[in-house]
Amino acid sequence: MTEISALSAPVVHWAPDYRMPPTHPFPAALDDVVAVYKALLEVRDPAQIIVGGGSAGGNLAAALLLRAKAEGLPMPAGLVLLTPEVDLTESGDSFVTLADVSVGLQSLRDANLLYAGGHDLSDPYLSPLFGDVTGFPPTLLISGTRDLFLSNTVRMHRKLRESGVEADLHIFDARPHAGYGNAPEEAAVSAETAAFVSKHLSPAKYLSPAG
């Protein structure tokens, strides 16, 4: 748990050290992040919480909210999905059209099967794109035109919008899956994320513990 101050006031950042395959395939990682979320709810009001993740972490962030919904847990104030791996079946258009221009990322089908541990890849807890996202909190989604997961991000945005969820989508020109690195263009990505968090968390909310 670390404190960061990229926003107008410091916030506390929880980064779950979840179990991973091959020793611990699905649903171990998801069980771990759900346990962390439950622990967080014991010390923070849901209105003080933003859930987020990138790539595989985006998968777990979205799947976490599906589990939270199923278990009757409250939704957080917002959700941040940075080029999320929300479709392990890789059925989106960009897995074909961007295969030759994607930088730093190719098909993860073998890794997806390893993570799934014999479960159907279209299971919503494995591929949140196929889940019921009704009732999700406001969501920020970010990808780029050279990101193999572009279709994941675009389709998840449409799924959220069609389910009545407030969702903002930002696609950056030539941005690869891993981002621009230390290039100046990455500052715009950070600014959008900070603006989203600032919009949905007021200092009074996130500087005081629940209760």
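Quick look at the structure, then. Because the structure is predicted, anything quoted here is derived from the model rather than measured.

Reading guide: rules and limits
- Residues numbered from 1 in each chain as written.
- Predicted model: local features only at pLDDT ≥ 70, side-chain atom pairs only at ≥ 80, totals over all residues.
- Heavy atoms only, no water.
- Salt bridge = Lys/Arg side-chain N within 4 Å of Asp/Glu carboxyl O.
- Helix = DSSP H or I, 4+ residues; strand = E, 2+ residues; numbered from the N terminus.
- Buried < 20%, exposed > 50% of the residue type's maximum accessible area, 1.4 Å probe, protein only.
- Phe/Tyr/Trp six-rings, centres within 6.5 Å; stacked < 30°, edge-to-face > 60°.
- Arc of directions from axis to C-beta.
- Contact = heavy atoms within 4.5 Å.
- Patch = residues over 30% accessible without salt bridge, like charges linked within 9 Å, V, L, I, M, F, W, Y side chains within 5 Å.
- Areas by Shrake-Rupley, 256 points an atom, 1.4 Å probe, with all protein chains shown as cover.
- Polar contact = N/O pair within 3.5 Å; in protein donor to acceptor, adjacent residues only side chain to side chain.
- Expected span 1.5 Å × (residues − 1).

Here we come to the pattern of salt bridges. Using the criterion set out here, one finds 9 salt bridges in the structure. For Arg155, the salt bridge is made with Asp87, and the minimal N-O distance between the two is 3.2 Å. Here Arg155 is found in helix α5 (residues 150-162), whereas its partner Asp87 is found in the loop between β4 (78-82) and α3 (94-97), with 68 residues between them in sequence. A relative accessible area of 31% means that Arg155 is categorised as partly exposed. The salt bridge partner of Lys199 is Glu166, with a shortest N-O separation of 3.3 Å. One end of the pair, Lys199, is in helix α6 (residues 186-200); the other, Glu166, is in the loop between α5 and β6 (167-176), with 33 residues separating them in the sequence. It is possible to trace a salt-bridge network through shared partners that takes in Asp31, Lys38, Arg67 and Glu71.

Our focus in this paragraph is the packing of aromatic side chains. Taken as a whole and judged by the stated rule, the model has 2 aromatic pairs. Between Phe26 and Tyr115 the ring centres are 6.1 Å apart and the planes differ by 70°, which places this aromatic pair in the edge-to-face class. In this pair, Phe26 sits in the loop between β2 (11-13) and α1 (28-41) while Tyr115 sits in helix α4 (residues 109-116), placing the two residues 89 residues apart along the sequence. On the basis of relative accessible area, Tyr115 is assigned to the buried category, the value being 14%. Between Phe95 and Phe149 the ring centres are 5.7 Å apart and the planes differ by 45°, which places this aromatic pair in the tilted class. Of this pair, Phe95 sits in helix α3 while Phe149 sits in the loop between β5 (139-146) and α5; the two residues are 54 residues apart in sequence, bridging distant segments of the chain. Judged by relative accessible area, which is 10%, Phe95 ranks as buried.

The set of residues buried in α4 consists of Asn112, Tyr115 and Ala116. On an axial view of α4, the arc spanned by its buried residues comes to 95°, and they lie on one face. Against the buried residues of α4 lie α1 and α2 (56-70). Backbone geometry just downstream of α4 places Gly117 in the positive-phi region, at approximately 60°.

The next thing to look at is a nonpolar patch on the surface. Nonpolar side chains collect at one region of the surface, where Val12, Trp14 and Val43 lie side by side and expose about 220 Å² of accessible area between them. Relative to the assigned elements, Trp14 resides in the loop between β2 and α1.

Our next topic: the side chain of Asn59. Inspection of the secondary structure puts Asn59 in helix α2. Judged by relative accessible area, which is 4%, Asn59 ranks as buried. Separated by 2.7 Å, the side chain of Asn59 and the backbone oxygen of Leu126 make a polar contact.

A word on α5. For α5, which comprises 13 residues, the first-to-last C-alpha distance of 18 Å matches the rise-based estimate of 18 Å (1.5 Å per residue) to within 8%. For α5, every residue scored as buried is listed here: Leu150, Ser151, Asn152, Thr153, Met156, His157 and Leu160. Downstream of α5 by one or two residues, Gly164 has phi in the positive range, about 80°.

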